[in-house]
Number of protein chains: 2
Amino acid sequence: MEIRIEDKLLIDARTLKTVREFAPSREVSERICDFMSALGDGTRLKILSALAISDMCVNDLSIGLGLNQTTVSHQLKNLRSVGLVKYRRQGKINFYSLRDKRVVTLLNLVTDLA
Amino acid sequence: MEIRIEDKLLIDARTLKTVREFAPSREVSERICDFMSALGDGTRLKILSALAISDMCVNDLSIGLGLNQTTVSHQLKNLRSVGLVKYRRQGKINFYSLRDKRVVTLLNLVTDLA
DNA sequence: CCATTATATTCGTGCACTTTTATATTCGTG
DNA sequence: CACGAATATAAAAGTGCACGAATATAATGG
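Here is a short report on the structure shown in this document. (Residues numbered from 1 in each chain as written. Chains lettered and ligands numbered in written order. Predicted model: local features only at pLDDT ≥ 70, side-chain atom pairs only at ≥ 80, totals over all residues. Heavy atoms only, no water.)

**Some thoughts on the protein's contact with DNA strand D**
In the vicinity of DNA strand D there are 24 residues, among which A:Thr43, A:Thr71, A:His74, B:Asn59 and B:Tyr96 approach most closely. A breakdown of the atoms of DNA strand D within 4 Å of the protein gives sugar and phosphate a share of 70%. Interatomic distance of 3.2 Å between a backbone N/O atom of B:Val58 and a phosphate oxygen of DNA strand D. Contact between DNA strand D and B:Asn59: a phosphate oxygen at 2.6 Å from a main-chain N or O atom of the residue. (Near = heavy atom within 4 Å. Polar contact = N/O pair within 3.5 Å; in protein donor to acceptor, adjacent residues only side chain to side chain.)

**Brief notes about the protein's contact with DNA strand C**
Within the structure, DNA strand C sits among 24 residues, and A:Asn59, A:Ser73, A:Tyr96, B:Thr43 and B:Arg44 are positioned closest to it. For DNA strand C, the fraction of protein-proximal atoms (within 4 Å) that sit in sugar or phosphate groups is 64%. Contacts to DNA strand C include B:His74, whose side-chain N or O atom sits 3.0 Å from a base oxygen. Of all the elements in the fold, those that place two or more residues in the surface near DNA strand C are helix H4 (58-65), helix H5 (69-81) and strand S3 (93-98) of chain A together with helix H3 (42-53) and helix H5 (69-81) of chain B. Counting residues per element, the surface near DNA strand C draws most heavily on H5(A), at six residues. In terms of residue class, the surface near DNA strand C is made up of four nonpolar, 14 polar and six charged. (Helix = DSSP H or I, 4+ residues; strand = E, 2+ residues; numbered from the N terminus. Nonpolar A, V, L, I, M, F, W, Y, C, P; charged D, E, K, R; others polar.)

**Quick look at the packing of helix H3 (residues 42-53) of chain A against H5(A)**
Residue and element names in this part refer to chain A. In the contact formed by H3 and H5, the axes pass within 10 Å of each other and the chain directions differ by 80°. Classed by the angle they form, the pair H3 and H5 counts as roughly perpendicular. On the side of H3, the interface is formed by Thr43, Arg44, Ile47 and Leu48, while H5 contributes Thr71, Val72, Gln75, Leu76, Asn78 and Leu79. Residues of the contact of H3 with H5, tallied by class, amount to five nonpolar, four polar and one charged. (Axes fitted to C-alpha atoms, helices over the stretch in contact; angles between N-to-C directions. Parallel < 35°, antiparallel > 145°, perpendicular 65-115°, else oblique. Contact = heavy atoms within 4.5 Å.)

**Section: the relation of the copies chain B and chain A**
The operation relating chain B to chain A is a screw motion whose rotation component is 180°, with 0.0 Å of axial translation and a residual RMSD of 0.1 Å. Expressed as an axis order, the relation between the two copies is that of a two-fold axis. (Least-squares fit on C-alpha atoms with pLDDT ≥ 70 in both.)

**A closer look at the sheet that holds strand S2 (residues 85-90) of chain A**
Hydrogen bonding along the main chain pairs the strands of a sheet, whether they run parallel or antiparallel. Residue and element names in this part refer to chain A. Here three strands make up an open sheet; going across it, the order is S1-S3-S2 and the pairing antiparallel. If you trace the sheet from one side to the other, it starts and ends with strand S1 (56-57) and S2, each paired once. Sheet topology places S2 next to S3; six bridges connect them, and they run antiparallel. Looking at the pairing, Arg88 lines up with Phe95 of S3. Across the sheet, H3 lies against S1, S2 and S3, angled at about 90° from S3, the strand it touches most. (Pairing = 2+ DSSP bridges.)

Written as structure tokens, this is what we have:
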């Protein structure tokens, strides 16, 4: 009679099943990771914190936060790609804002936990 | 008369002041970033999702999730260093668990947002 | 149409992080 | 004590990513 790999585990088969079912799917996991990674960077955190107060254009973010313009532009692109910010164009100026205000809630929760 | 850099901004001085005051301090920002980065990795997310179901030892995590033992060990160390998990030793076995169940709440919130 | 302002993009570089391979450590058992 | 199991650590290899310099694009004003 053969011995399955699961028989070597300390946890029971039922728990293992639950663990595997609870695990986020490949796509969901990837979305979550991208989302969290976006919040796991000092520069992006600064930008988000600023946008939590007020919509701002790239130049204001750059000068107001003391960051290079290209750096801000880069990170805004990243934040856009994971859907954290949006912008509206007005002439030659781009006004950026948070796409979902719940991000502020999230940031507060994390600040408590961290 | 001199022109200060702030005079070039579109946002008013008052808003700028608020933005700068709201910005998390260096240390807080770093803690948040570390914390979020820890959640921004597929392997660590798997481990945390598993621990959300049940305390588990390294070997069970390794086999149950299909990951190398050393990889699990490394990532558990990372998760420990940001205070996301803890463990209790029992003989030669280390049982890992979530340090704060609110992490599950956080994960659910993020899953909604992402 | 030229200059200027605001923003984006391309590209190169350096650094940090993940993973793996190999080895060490710790603990239980015969 | 010798051995095997469970875990950790060290070293090496591969990868990704943030940042900045230079350049491009787009819009406005003269």
